[in-house]
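Chain and residue survey
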Amino acid sequence: MEISFHGAAGGVTGSCHHLQIGEQQILVDCGIFQGEGDIAKENAADFGFDPKDIDYLLLTHAHLDHCGRIPLLVKRGFRGEILCTAATRDLARLVMLDSAGLAVEEAKRANRRFSRHGDELQEPLYEVQDVLDAMDRFGRLANYDEVIKLCPDISVRFGDAGHILGSAWVYIDATEGDKRQRFVFSGDLGNAGKPIIRSPSPAPEVDVLVMECTYGDRLHKAMQPSIGELRDAILDTMQRGGNAIIPTFALERAQDLLYFLREMIEAGELPKQLPVFLDSPMAISATEIFRRHPECFNESTGQIFHHGIDPFALPNLHFTRETAESMQINQIHGGAVIMAGSGMASGGRVTHHLKHNLWRADSSVIFVGYAAQGTLARRIIDGAKTVHIFGEEIQVRAKVHTIGGFSAHADHDELLRWYGAKQRPAHTFLVHGEDNGREGIAKILRERDLAYHCPVIGDHYSL
């Protein structure tokens, strides 16, 4: 048996782990690389294995950095079976179609520049047809804790990772000759106590554990104080007569915010007729997918749904899919909550809303998620007095709020709680984290006298 790492090894994107068990080759996730550097070249590079040889792809969840290169995998010859939960399949289709559209647009923009310079034209990483071909590879759908036989000597089980709708960690029980190995791949683990989905179920005791450590070096702010901060920021903005702009990630964060806003309005903490705009076609579609998968809800949200209450419905909520509808929002001078993508303000409709509101002292910008270095969100959070948006220099006069308790990722303590105090694997591989995040978990493993590895892309380990 052999394991190798082809993404999210020394970084936090591009998750892709390869397992060789006898004649069977299994891939866990196949995500896109994101961030700074020559990302286009990195995503178009060879996988480090032959896609034609992969028998099974086990998909932990639908975030782009875990599913975003699946259409390219299929384009290059993968003909195996993809297994995941039903919710992950539906969300992955949405995410990959959006990614294909962006890839085509990026190629068109680049080719206009290349044509002027006489350079070779660029093909998109993949197109919509590649996504549709990839969807044909999705096979059996996994229920949480259901054992699925891949072949006589290998079975898999998906456990609830509590990260986003349908997310899972993957347990593999494999025999090769007289050697039995039990594996767990964490995928991304969730922040406990989220409003819609369940908290992560703990890892079983295994021989080999592959564990994310995105926030392995820090603790998150508590959820309840963060909800209070969100309410107070909105009320303060309404009193000042401006708009509250919330850059929002389409999966999970948008739905969490709708849930919290509904609760605040029902409790009388916010005005019943508060105008709320979800200005993100992708977030709107994701919300519809959430409604189709109540099997993923926690007990309290499940009961709300069972009693005929839509957990994402507000009295004065507006879904704006069309560009013309989005443009009309900019005619509203005050009193509205505007949620739009992207969450890091690195593109999308929120940039237009920032252009129209960032210079206004009566408005607010409320950041509720991670903002990477180099993004517009990070520049605003770091206190920039002016920012460039669509070629214009915009003054930052709006009140800026940064609320840190809504993370969908487990923090240091929650990662260790999932790992378990009695866990004694022969190998622990720390992935999906920068150096600080990995060291935060590695320090604890050293104290427990446990063997661990911090692989980099291309590393192979014999088991």
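In the block above lies the structure referred to throughout.
Presented here is an overview of the structure given in this document. Because the structure is predicted, anything quoted here is derived from the model rather than measured.

About the criteria used
- Residues numbered from 1 in each chain as written.
- Predicted model: local features only at pLDDT ≥ 70, side-chain atom pairs only at ≥ 80, totals over all residues.
- Heavy atoms only, no water.
- Helix = DSSP H or I, 4+ residues; strand = E, 2+ residues; numbered from the N terminus.
- Expected span 1.5 Å × (residues − 1).
- Contact = heavy atoms within 4.5 Å.
- Buried < 20%, exposed > 50% of the residue type's maximum accessible area, 1.4 Å probe, protein only.
- Pairing = 2+ DSSP bridges.
- Salt bridge = Lys/Arg side-chain N within 4 Å of Asp/Glu carboxyl O.
- Axes fitted to C-alpha atoms, helices over the stretch in contact; angles between N-to-C directions.
- Phe/Tyr/Trp six-rings, centres within 6.5 Å; stacked < 30°, edge-to-face > 60°.
- Lys NZ or Arg CZ within 6 Å of the ring centre and 35° of its normal.

Take helix H4 (residues 86-117) next. Spacing of three or four residues puts side chains on the same side of an α-helix, whose turn is 3.6 residues. Taking 1.5 Å of rise per residue, the 32 residues of H4 would be expected to cover 46 Å, and the 47 Å separating its terminal C-alpha atoms lies within 8% of that figure. Of the residues flanking the end of H4, it is Gly118, one or two places downstream, whose phi is positive at about 75°.

What follows is about the environment of Ser155. Tracing the backbone through its elements, the reader meets Ser155 in strand E8 (residues 154-160). The residues contacting Ser155, other than those within four sequence positions of it, are Val147, Ile148, Lys149, Leu150, Tyr171, Ile172 and Asp173.

For the rest of this paragraph, the subject is the pairing of strand E13 (residues 276-279). Of the two faces of E13, the one lined by Val276 and Leu278 and the one lined by Phe277 and Asp279 are each fully buried. Examined bridge by bridge, E13 and strand E14 (residues 317-319) share three bridges and lie parallel to one another. Across the sheet, Phe277 pairs through a bridge with His318, a residue of E14. Relative to strand E15 (residues 337-340), E13 is paired through four bridges, and the arrangement is parallel. By the bridge assignment, Asp279 is partnered in E15 with Ala340.

One pass over the full model with this rule turns up 23 salt bridges. Between Asp90 and Arg89 there is a salt bridge, with the nearest N and O atoms lying 3.1 Å from each other. Under the relative-accessibility criterion, Arg89 is labelled partly exposed at 27%. Among the ionic pairs, Asp236 bridges to Lys399, the shortest N-O distance being 3.3 Å.

Attention now moves to the sheet that holds E14. Strands sit in the order E14-E13-E15-E12-E16-E19 across an open sheet of six strands; the sheet is parallel. The open sheet has two edge strands, E14 and strand E19 (399-402), and neither has a second partner. Across this sheet, the average inter-strand angle for adjacent strands is 20°, counted without regard to direction. Here strand E12 (residues 244-247) pairs with strand E16 (residues 364-367) via two bridges, running parallel. Following the sheet pairing, Ile245 is matched in E16 by Val365.

Inspection of the entire model under this criterion finds nine aromatic pairs. Pairing Phe5 with Tyr461 gives two aromatic rings, centres 6.0 Å apart and planes at 80°, and the pair type is edge-to-face. Of this pair, Phe5 sits in strand E1 (residues 2-5) while Tyr461 sits in strand E22 (residues 460-462), and the two are 456 residues apart along the sequence. In this pair, the class of Phe5 matches that of Tyr461, namely buried. Every member of this aromatic cluster is reached through a ring pair, and the members are Phe290, Phe297, Phe305 and Phe312. Over the aromatic face of Tyr171 sits the side chain of Arg157, whose NZ or CZ is 4.9 Å from the ring centroid. Positioned over the ring face of Tyr259 is Arg262, at 4.7 Å from the centre of the ring.

Moving on, we come to the sheet that holds strand E11 (residues 208-212). Spatially, seven strands are ordered E7-E8-E9-E10-E11-E20-E21 in an open sheet, and the strand pairing comes out mixed. Two strands close off the open sheet at either side, each with one partner strand: strand E7 (147-151) and strand E21 (452-453). Where E11 lies against strand E20 (residues 427-431), five bridges are found, and the strand directions are parallel. From the neighbouring strand, Val208 faces E20, where its bridge partner is His427. Running at roughly 160° to E20, helix H14 (residues 435-447) makes contact with E11, E20 and E21 of the sheet.

No statement about biological role is implied by the geometric values presented.
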